[in-house]
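Observations on chain architecture
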Amino acid sequence: AQSVTQLDSQVPVFEEAPVELRCNYSSSVSVYLFWYVQYPNQGLQLLLKYLSGSTLVESINGFEAEFNKSQTSFHLRKPSVHISDTAEYFCAVSPSGGYQKVTFGTGTKLQVIP
Amino acid sequence: GAVVSQHPSWVICKSGTSVKIECRSLDFQATTMFWYRQFPKQSLMLMATSNEGSKATYEQGVEKDKFLINHASLTLSTLTVTSAHPEDSSFYICSAPGESGSPLHFGNGTRLTVT
C-alpha cells in the first residue's frame, strides 16, 4: 500500500517570492514520484517526475523537486513565482516499474498574490 | 506528445437520465485507461480501470451497475453514468499510460451536473 500526504491545502504567496509545496509519501516498495498541476476545470498536466538517478528534478518552467528517501519527501519548490503559477498542485506516487496504480495527494492550492 | 481527449467537457442532465463520457487516446494505443472522480477541493479518486477487450476493474465502493465502462477499442473508453442523481455531480477525469517509460496522460475532464 502507498499513500501521499500534502499537509498544506492552500499556500498564498506574493508574486516573485519563493515557494515550497510539501509532499510526503509512504510505501512498502520503491516508488516513482510525480507532481501534477491542474488549472480550473481542466485535467492534470505532468509538471515533473522522479524515476531514478539524480534526486533533483526540474521542470521547464522553473519548478524543481528533490527526492529525499530518508525523509520520504518530494517537496516542490520555485525560487520566484508568477501569477500564472496559480493552480492546484498534486503530488503522486506509483510503484516503480509501472504507472498503473498511481496514488494522489489531496492537493495544494497555490495562490500567487500580485 | 501523447494526448488524451475527453468529451464532453461539461454536461448538465436531469435526474434519472444517463450520461456517456468518452475518452480517446489520440496518437497512441491504450489497452488500459483509468477513470477518476474528483470532488470539490479534494484529490482524484480512482474509480475503475478500463481494459480493452475485457471487463473493467472497479475500485472498492464503486457501483459497477451505475458506472458502466466500455473499452471498445485501443483508443476509446467510455464511462456511462446511469440513472444519474444529484450526488453523482462531480468532475470526472480519464487517463492513459503513454508509451513505455511515460507516465499517465490525462484528459481535460468532464464536469457533470445532475439537476
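Look up: the structure comes first, before these words.
Since this is a predicted model, take the numbers as computed values, not measurements. (Residues numbered from 1 in each chain as written. Chains lettered and ligands numbered in written order. Predicted model: local features only at pLDDT ≥ 70, side-chain atom pairs only at ≥ 80, totals over all residues. Heavy atoms only, no water.)

Our next topic: the interface of chain B and chain A. Across the contact, 21 residues belong to chain B and 18 residues belong to chain A. Both faces combined, the contact of chain B with chain A buries some 1,500 Å², and carbon together with sulfur accounts for 55% of it. Its largest share of buried area at the contact with chain A, chain B owes to B:S43, B:P103 and B:F106, together 31% of the area lost on that side. Where chain B touches chain A, the interface holds zero salt bridges. Summed over the shared surface of chain B and chain A, the number is three residue pairs in polar contact (both at pLDDT 80 or more). Mapped onto the side of chain B that touches chain A, the elements with two or more residues apiece are β4 (32-38), β5 (44-51), β9 (90-97) and β10 (104-106) of chain B. Counting residues per element, the side of chain B that touches chain A draws most heavily on β4(B), which supplies four residues. Residue composition of the side of chain B that touches chain A, by class: ten nonpolar, nine polar and two charged. (Contact = heavy atoms within 4.5 Å. Buried area = accessible area lost by both parts, 1.4 Å probe. Salt bridge = Lys/Arg side-chain N within 4 Å of Asp/Glu carboxyl O. Polar contact = N/O pair within 3.5 Å; in protein donor to acceptor, adjacent residues only side chain to side chain. Helix = DSSP H or I, 4+ residues; strand = E, 2+ residues; numbered from the N terminus. Nonpolar A, V, L, I, M, F, W, Y, C, P; charged D, E, K, R; others polar.)

Let us look at the sheet that holds strand β8 (residues 76-81) of chain B. All names here are of chain B. If you trace the four strands from one edge of the open sheet to the other, you get β1-β3-β8-β7, paired in antiparallel fashion. Taken across any chain shown, the strands that pair with only one partner, and hence form the sheet edges, are β1 (4-7) and β7 (67-73). Going across the sheet, the axis of each strand differs from the next one's by a mean of 15°, ignoring polarity. Pairing of β7 with β8 involves five bridges; the strand directions are antiparallel. From the neighbouring strand, L68 faces β8, where its bridge partner is T80. (Pairing = 2+ DSSP bridges. Axes fitted to C-alpha atoms, helices over the stretch in contact; angles between N-to-C directions.)

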